[in-house]
Amino acid sequence: MTGREGTDATLSATLDAYRAAAHAEADAHFDDRALEAQRQRILQRIEQAGQRARVLPFPSTSGPVRPTAGVSRRWISAAAAAGLLIGLFTGQLLHVIPGDNWVNPDARRPVALAPARTGFVPAVANAPADAENALLDAIDVAVTSRGVSELRALHDLTFAYEPR
Amino acid sequence: MARRSLVDAGTTVPAKGRDGHPSPASVLAAEIKGLLARGERDVARDRFGALVALLQRRALRVAFQYLRNPADADEAVQDAFVKVFVNLDRYNEELPFDTWFTRILVNASLDRLKARSRQQRLIASPSEEDDDRTVEQLPAGEASAERRMLGREKWQQVSRAVAALPDRQRLVFTLSQVDEQTPAEIASATGMSAATVRVHLFRALRKLRGILGEHA
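Residues numbered from 1 in each chain as written. Chains lettered and ligands numbered in written order. Predicted model: local features only at pLDDT ≥ 70, side-chain atom pairs only at ≥ 80, totals over all residues. Heavy atoms only, no water.

A. Up close: the overall build of chain A. A tally of helices and strands in chain A yields five helices and zero strands. In sequence order, chain A lays out its α and β elements as α-α-α-α-α. Within chain A, buried positions represent 19% of all 164 residues. Carbon together with sulfur atoms contributes 61% to the accessible area of chain A, which is approximately 13,000 Å² in total. (Helix = DSSP H or I, 4+ residues; strand = E, 2+ residues; numbered from the N terminus. Buried < 20%, exposed > 50% of the residue type's maximum accessible area, 1.4 Å probe, protein only. Areas by Shrake-Rupley, 256 points an atom, 1.4 Å probe, with all protein chains shown as cover.)

B. Layout of the overall build of chain B. For chain B, the helix and strand inventory stands at 11 helices and zero strands. Element order for chain B, N to C, with α for helix and β for strand: α-α-α-α-α-α-α-α-α-α-α. With 216 residues in all, chain B has 48% of them scored as buried. Taking the intrachain contacts of chain B between residues at least 6 apart in sequence as the baseline, contacts between residues at least 24 apart amount to 67%. (Contact = heavy atoms within 4.5 Å.)

C. Spotlight on helix H2 (residues 24-37) of chain B. Residues and elements named next belong to chain B. Across its 14 residues, H2 extends 20 Å between first and last C-alpha, which sits within 8% of the 20 Å expected from 1.5 Å per residue. Along H2, the positions that sit buried rather than exposed are Ala-25, Ser-26, Leu-28, Ala-29, Ala-30, Glu-31, Ile-32, Lys-33, Gly-34 and Leu-35. Trailing H2 by a residue or two, Gly-39 shows a phi angle of about 85°, which is positive. (Expected span 1.5 Å × (residues − 1).)

D. Unusual backbone geometry, seen in detail. Residue and element names in this part refer to chain B. In this model, Arg-68 sits at a positive phi of 60°, which is unusual for a non-glycine residue. Here Arg-68 is to be found in the loop between helix H3 (41-67) and helix H4 (70-86). In this structure Arg-68 comes out as buried when scored by relative accessible area, which is 12%.

E. Representation of the interface of chain B and chain A. In this assembly, 45 residues from chain B lie in contact with 33 residues from chain A. For chain B, the biggest contributors to the area lost against chain A are Arg45(B), Arg57(B) and Arg209(B); these three give 16% of the whole. The interface formed by chain B and chain A includes seven salt bridges. Linking Asp74(B) and Arg41(A) is a salt bridge whose minimum nitrogen-to-oxygen distance equals 2.9 Å. The tally of links between chain B and chain A comes to 20 residue pairs in polar contact (both at pLDDT 80 or more). If you tally residues by element for the side of chain B that touches chain A, the top one is H3(B), at 12 residues. Its residues assigned to classes, the side of chain B that touches chain A shows 24 nonpolar, eight polar and 13 charged. (Buried area = accessible area lost by both parts, 1.4 Å probe. Salt bridge = Lys/Arg side-chain N within 4 Å of Asp/Glu carboxyl O. Polar contact = N/O pair within 3.5 Å; in protein donor to acceptor, adjacent residues only side chain to side chain. Nonpolar A, V, L, I, M, F, W, Y, C, P; charged D, E, K, R; others polar.)

F. Structural context of the pattern of salt bridges. Tallied over the entire structure, the rule returns 19 salt bridges over all chains. As a salt-bridge pair, Asp32(A) and Arg57(B) come within 3.0 Å of each other at their nearest N and O atoms. Here the residue Asp32(A) occupies a position in helix H2 (residues 32-50), and Arg57(B) occupies one in helix H3, the pair thus bridging two chains. On the basis of relative accessibility, which here comes to 24%, the residue Arg57(B) falls in the partly exposed class. Through salt bridges with shared partners, one network takes in Asp27(A), Asp32(A), Arg57(B) and Arg61(B).

G. Structural detail: the packing of H2(A) against H3(B). Viewed as axis vectors pointing N to C, H2(A) and H3(B) meet at an angle of 140°, and their least axial separation amounts to 10 Å. It follows from the interaxial angle that H2(A) and H3(B) lie oblique. Between H2(A) and H3(B) lies a crossing of right-handed hand. Taking contact as the criterion, the partners of Asp32(A), Leu35(A), Gln38(A), Arg39(A), Ile42(A), Leu43(A), Ile46(A), Glu47(A), Ala49(A) and Gly50(A) in H2(A) are, on H3(B), Arg41(B), Arg45(B), Phe48(B), Gly49(B), Val52(B), Ala53(B), Gln56(B), Arg57(B) and Leu60(B). Of the residues assigned to the contact of H2(A) with H3(B), the class counts are nine nonpolar, four polar and six charged. (Axes fitted to C-alpha atoms, helices over the stretch in contact; angles between N-to-C directions. Parallel < 35°, antiparallel > 145°, perpendicular 65-115°, else oblique. Left-handed = near helix turned anticlockwise from the far one by under 90°.)

H. Quick peek at the nonpolar core. If you look at the biggest cluster of nonpolar residues, it comprises 64 residues, and the most contacted ones within it are Phe48(B), Leu51(B), Phe97(B), Phe101(B) and Phe173(B). Here this core gets 12 residues from one element, more than from any other, and that element is H3(B). Discounting chain neighbours no more than four positions away, the residues touching Phe48(B) are Ile42(A), Leu43(A), Ile46(A), Ile32(B), Phe81(B), Val84(B) and Phe85(B). (Core = buried A, V, L, I, M, F, W, Y, C linked by side-chain atoms within 4.5 Å.)

I. Just helix H10 (residues 183-190) of chain B, in detail. Looking at H10(B), one finds that the buried residues are Glu185(B), Ile186(B), Ala187(B), Ala189(B) and Thr190(B). Once H10(B) ends, the next one or two residues include Gly191(B), with phi positive near 85°.

Function-wise, these values are silent; they only describe arrangement.
In structure tokens form, the structure reads like this:
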């Protein structure tokens, strides 16, 4: 008998013994009582699987539904709508009533912050004066506009030197 | 309650097994499928208990050898039988029921293995402690005789070698050696080709042969 044949014979015998030992090992873990218990569990699970799923009411409604939730929701909606209307009305009122923030209609005219470019090239001597006037006009308009408080200090400084 | 014949049940003739006759499990499964088709669920459930009893021990042996954990094997077998009953209307009687069941059992075992891997991040292998516990729990008669024949040291070597096999090789080896299935049956049960099954089995046996050769 060669070494290979000997190993094969050993392997075959070992596998036969392994099979028997493996069966015995598993059977030792699952005796007849365990098998019966497992069988019952399987049938129980099958029975549960066959039953229709019970739908639990959520949220649970044991008593009549109280209308408080709906009423409060309506109150919140009404309050929000009223707040919106009041806000709009107040905003319009501020435009109508003249006050400190009243704006000279002339100031609402669009102002070109830079001199319009034309094909005409001004004389060199007049150029600085024109540019200065345009800048001062722009500052004046900006200062008289609402919401430009940052420029008021500049306006106060430059007002005395205004050529007008 | 008298059992109805398969003709009365309106089912097709179950597939023939290795010996040319339909296996008892195939006959029973076809009968239960017929009962379910007629809406006789309670009777079908009772008959299913007999089917469970027929296959249960074999299923536990395979699942235990593959999973190496009694609780996991128990769960996997339960899952497999419940899936069988729930999906019995899909069972094709032209194929052996045993093969279909093995496929479901293998999938249930793989699911259990994945769940355990997710939990533990390691695949269980029989430790020294496990082997000792197993020896003590074995029945005094048959198991100890088998162990004596195999030899304790060699049993541990083979067990470790089998546990160390890659998953597919271990699955094929378990089905082949523990459940005594043919490569064709294993191919049907696992979805592998018969050639792939043979390759896995060859590699598994080569490793075991090498281990046995080293320790001969």
